[in-house]
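Close look at the chain arrangement
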Amino acid sequence: MSVSQTKYKVPESFAKNALVDETSYNDMYRQSIEDNEAFWAEHGKRVSWSKPYSRVKNTSWDKDDLHVKWYEDGELNVAYNCIDRHLKDKANEVAIIWEGDDPKDCRHITYAELHAQVCRFANVLKSLDVKKGDRVTLYLPMIPEAAFAMLACARIGAVHSIVFAGFSPEALAGRINDCDSRLVITADEGLRGGKTIPLKSSVDQALKHASDVKNVLVVRHTSNDVEMVPNRDVWLDQAQEHVALECEVEPMNAEDPLFILYTSGSTGKPKGVLHTTGGYLVWASMTHEYVFDYKQGDIYWCSADVGWVTGHSYIVYGPLANAATTLMFEGVPTYPDASRFWQVIDKHNVNIFYTAPTAIRALMGQGEAFVKQTSRKSLRLLGSVGEPINPEAWEWYHRVVGERRCPIVDTWWQTETGGIMITPLAGATDLKPGSATLPFFGIKPEIVDAEGKVLEGPAEGNLVIAESWPGQMRTVYGDHQRFIDTYFSTYKGKYFTGDGCRRDEDGYYWITGRVDDVINVSGHRMGTAEVESALVAHAEVSEAAVVGYPHDIKGQGIYAYVSLNASVDPSSELATELIKWVRTEIGPIAAPDKIQFAPGLPKTRSGKIMRRILRKIAEDDFSNLGDTSTLADPAVVDNLIANRQNKK
Ligand code: PRX
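Residues numbered from 1 in each chain as written. Predicted model: local features only at pLDDT ≥ 70, side-chain atom pairs only at ≥ 80, totals over all residues. Heavy atoms only, no water.

**Comments concerning the nonpolar core**
The nonpolar side chains of soluble globular proteins are, as a tendency, buried together. Counting residues in each nonpolar core, the largest one holds 170 residues, and the members touching the most others are Leu114, Leu125, Ile185, Phe292, Tyr317 and Phe441. Of all the elements, helix 7 (residues 144-156) adds the most residues to this core, at 10 residues. Judged by nonpolar contacts, the second largest core, of 28 residues, contains Ile299, Phe329, Trp342 and Cys406. (Core = buried A, V, L, I, M, F, W, Y, C linked by side-chain atoms within 4.5 Å. Buried < 20%, exposed > 50% of the residue type's maximum accessible area, 1.4 Å probe, protein only. Helix = DSSP H or I, 4+ residues; strand = E, 2+ residues; numbered from the N terminus.)

Set out below in structure tokens:
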């Protein structure tokens, strides 16, 4: 990524009204590091506890005694915090603005209505025998019922596991089985860009491989016909007719699980990242308020999907815990045309807008006219998340969308971190395009070299975090050892992020991308191992190696090297079939952009694939392939270069 030297000062008008300015950021940050426990004792009070905590922090990252507990003797309920506690003053204020795929579809849901919806939903869950601690899988489009379902689970202490509705039935089945869900909540169909997405029928297919599921609860959305299996499938609207209107909240221990969310790692199948109740909520709500400088009355829009962690923390839990008005968008940025985002901003007077670099780059490619035909006067603050934002896209977002008036917060974090970790605070931090800038309160980032030596001052290396924070994931569901091995074994006593990072002379952090075998496609995280195992599951494929390569819009594209069985000839038809195959096995987001048939892969004599070489060839940069003399058959490389798919 090119390095931008530009620096944008905090606009004075912004600093004057912001929650924190530079001085208060420095003071609060210093306190949060020097007296970490006292800091979190104080800020834990931002949520309501039915039983106050007396112990704030009990954490150890020693891999022989690894535990992470925050506020461990406190009790609270997340749904109470996101709804009930606001009813006294804000019952009639809008909690959720829903903007449908079709610009004619829109709903405003007040806190009072949210309360009513969530109570009834929770009673339906109870009627289906869902109990505290049970896992419930959600496979839903971006409709308010997704938020109702999450909060209904939280209300009764069930643990939700949301599977992004773009994942295939096979991927859904794997995630249902891994956490042993007995209930799946879905909709008849989803709608995106004017097209219907057959969700219920995908669930039906998935359940052929997930036989422990007892019930499927179906939200009526498009109202098109779907098959309902007797004694298993239940319409939400019908079930709601028979339940009580009120539902008490279940008191939860701070460390009781709130949700599981599957995410890709560098090896094996996706991991069930487990987040718990108290620390997560403190983290989500505090970061939401400070990073977005959220003030009561602001209209806030995060364009993510609830199937990803950004949707969990910054569409639902963070904003609702802060009694915010949060906008939820069902559609895509280019439907009916490429000005949709900006039209939605005008229609609902959005003040704060949070999206992903891939969307910005895609819209940038459509030209400025789509933006300029809208007003966007309501906008005050812009945000970016999910992947490094290239300075060109940053500048366009700043100049064209925000008319140089709106600061941009480039927020670095991960599914595992629960919420934002490194970010500017708009009233406090001068901005540099492409840099996530400085740590949030309580976050102690370090840059280490391959041996784990901590580098001081300006440096480049791997990013680790040296101190626990309340929103940290607690374990990999069902596999605590994997949690320890993945995050705490590379560097002793530190959380390894998997990201590379540079720190400049101002102490600003610049995330350079993953240093492991995880790729980031349009802000979606994908394990190369997952795509490889899908490819080798095809009858004609003997071996596959997958790497990322720079892609103008997606950030990274998926490049697959495929070796076929001896009797099979490569063909463009087979390449197309393999791309389709991966779509079916995992989902469209995992579909390779390029397939290169390769009679052999570059392997060391011990049989290890040298991915470094494959990455270089995929980038069409093979002038410096490094030492290839250790390869079992160096001639393989010449063949790969001759047949490369990304010739410039
Ligand atoms: O590589 C980093 C990248 O996304 C990864 C985390 O992906 P996921 O768990 O799916 O969460 C995405 C939403 C938080 C990170 O390891 N990443 C995320 N935000 C940024 C980023 N890279 C650079 N800059 C960011 N702002």
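That was the structure; now back to the text.
**A look at empty space enclosed by the protein**
As enumerated under the stated definition, the model contains two cavities of 30 Å³ or more in all. Taken as a whole, the largest cavity encloses approximately 40 Å³ of empty space. In this structure, the largest cavity is lined by Phe14, Ala18, Leu19, Val20, Tyr290, Asp293, Leu425, Ala426 and Gly427. Its residues assigned to classes, the lining of the largest cavity shows seven nonpolar, one polar and one charged. (1 Å grid on protein atoms, 1.4 Å probe; cavity = no way out; pocket = protein on both sides within 12 Å on 5 of 7 lines; lining within 4 Å. Points joined across faces, edges and corners; volume = space filled by probe spheres on them. Nonpolar A, V, L, I, M, F, W, Y, C, P; charged D, E, K, R; others polar.)

**Observations concerning the sheet that holds strand 17 (residues 325-329)**
Ordered in space as 5-4-17-16-18-19-20, the seven strands form an open sheet in which the pairing is mixed. Lying at the two open borders of the sheet, with one neighbouring strand each, are strand 5 (106-110) and strand 20 (408-411). Averaged over all adjacent pairs, the angle separating strand axes in this sheet is 20°, with direction ignored. Where strand 4 (residues 94-99) meets strand 5, five bridges bridge the pair, whose relative direction is antiparallel. Bridge pairing in strand 5 places Val94 opposite Thr110. Here helix 7 sits on the sheet and contacts strand 4, strand 5 and strand 17; the angle it forms with strand 5, its principal contact strand, is near 30°. (Pairing = 2+ DSSP bridges. Axes fitted to C-alpha atoms, helices over the stretch in contact; angles between N-to-C directions. Contact = heavy atoms within 4.5 Å.)

**Some details on the packing of aromatic side chains**
Applying the stated rule across the entire model yields 45 aromatic pairs. With 5.7 Å between their ring centres and 35° between their planes, Tyr25 and Phe441 make a pair best called tilted. One end of the pair, Tyr25, is in helix 2 (residues 22-34); the other, Phe441, is in the loop between strand 20 and strand 21 (445-448), and 416 residues separate them in sequence. Like Tyr25, the residue Phe441 is buried in the burial classification. An aromatic cluster of three or more residues is present, and its members are Tyr25, Tyr29, Phe39, Trp40, Trp49, Tyr53, Trp70, Tyr71, Trp283, Tyr290, Phe440 and Phe441. Sitting above the plane of the Trp235 ring, Arg220 keeps its charged end 4.0 Å from the centroid. (Phe/Tyr/Trp six-rings, centres within 6.5 Å; stacked < 30°, edge-to-face > 60°. Lys NZ or Arg CZ within 6 Å of the ring centre and 35° of its normal.)

**Looking at the packing of helix 20 (residues 611-618) against helix 21 (residues 635-642)**
With their axes 10 Å apart at the nearest point, helix 20 and helix 21 run at an angle of 25° to one another. Looking at the two axes, helix 20 sits roughly parallel to helix 21. Taken as a pair, helix 20 and helix 21 cross one another with a handedness that is right-handed. When helix 20 is examined against helix 21, the residues Ile613, Leu614 and Ile617 are found in contact with a partner set consisting of Val637, Leu640 and Ile641. By residue class, the composition of the contact of helix 20 with helix 21 is six nonpolar, no polar and no charged. (Parallel < 35°, antiparallel > 145°, perpendicular 65-115°, else oblique. Left-handed = near helix turned anticlockwise from the far one by under 90°.)

**Thoughts on the environment of Ser48**
With respect to the helices and strands, the residue Ser48 is situated in the loop between helix 3 (36-43) and strand 1 (57-60). Ser48 gets classed as partly exposed once you look at its relative accessible area, which sits at 25%. For the pair Ser48 and Gly367, spaced 319 residues apart in sequence, the C-alpha to C-alpha distance is 47 Å. For Ser48, the contacting residues outside a window of four places in its chain are Leu76, Tyr80, Asn81 and Arg85.

**Description of the state of the cysteines**
According to the stated counting rule, one finds zero disulfides in the structure shown. The closest cysteine sulfur to the non-disulfide-bonded Cys82 is located on Cys153, 13 Å from its own sulfur. Overall, Cys82 belongs to the buried group, its relative accessible area being 0%. Among the cysteines around Cys179, which has no disulfide bond, Cys153 carries the closest sulfur, lying 11 Å off. Given the relative accessible area of 0%, Cys179 is considered buried. (Disulfide = S-S within 2.5 Å.)

**Looking at the UniProt feature "domain: AMP-binding enzyme C-terminal" (unreviewed entry) in the protein chain**
Taking the numbering used here, the UniProt-annotated feature "domain: AMP-binding enzyme C-terminal" (unreviewed entry) corresponds to residues 530-608. Between the C-alpha atoms that bound residues 530-608 there is a distance of 17 Å. The span itself is 27% helix and 32% strand. (UniProt positions renumbered as here; feature names shortened; annotations may be inferred.)

**Observations regarding the layout of surface pockets**
Of the volumes computed, that of the second largest pocket is approximately 350 Å³. Lining the second largest pocket are 13 residues, and of these Glu170, Ala171, Gly174, Arg175 and Pro270 sit closest to its centre. Considering each element in turn, the lining of the second largest pocket owes the most residues, five residues, to helix 8 (residues 169-179). Of the residues in the lining of the second largest pocket, the class split is five nonpolar, two polar and six charged.

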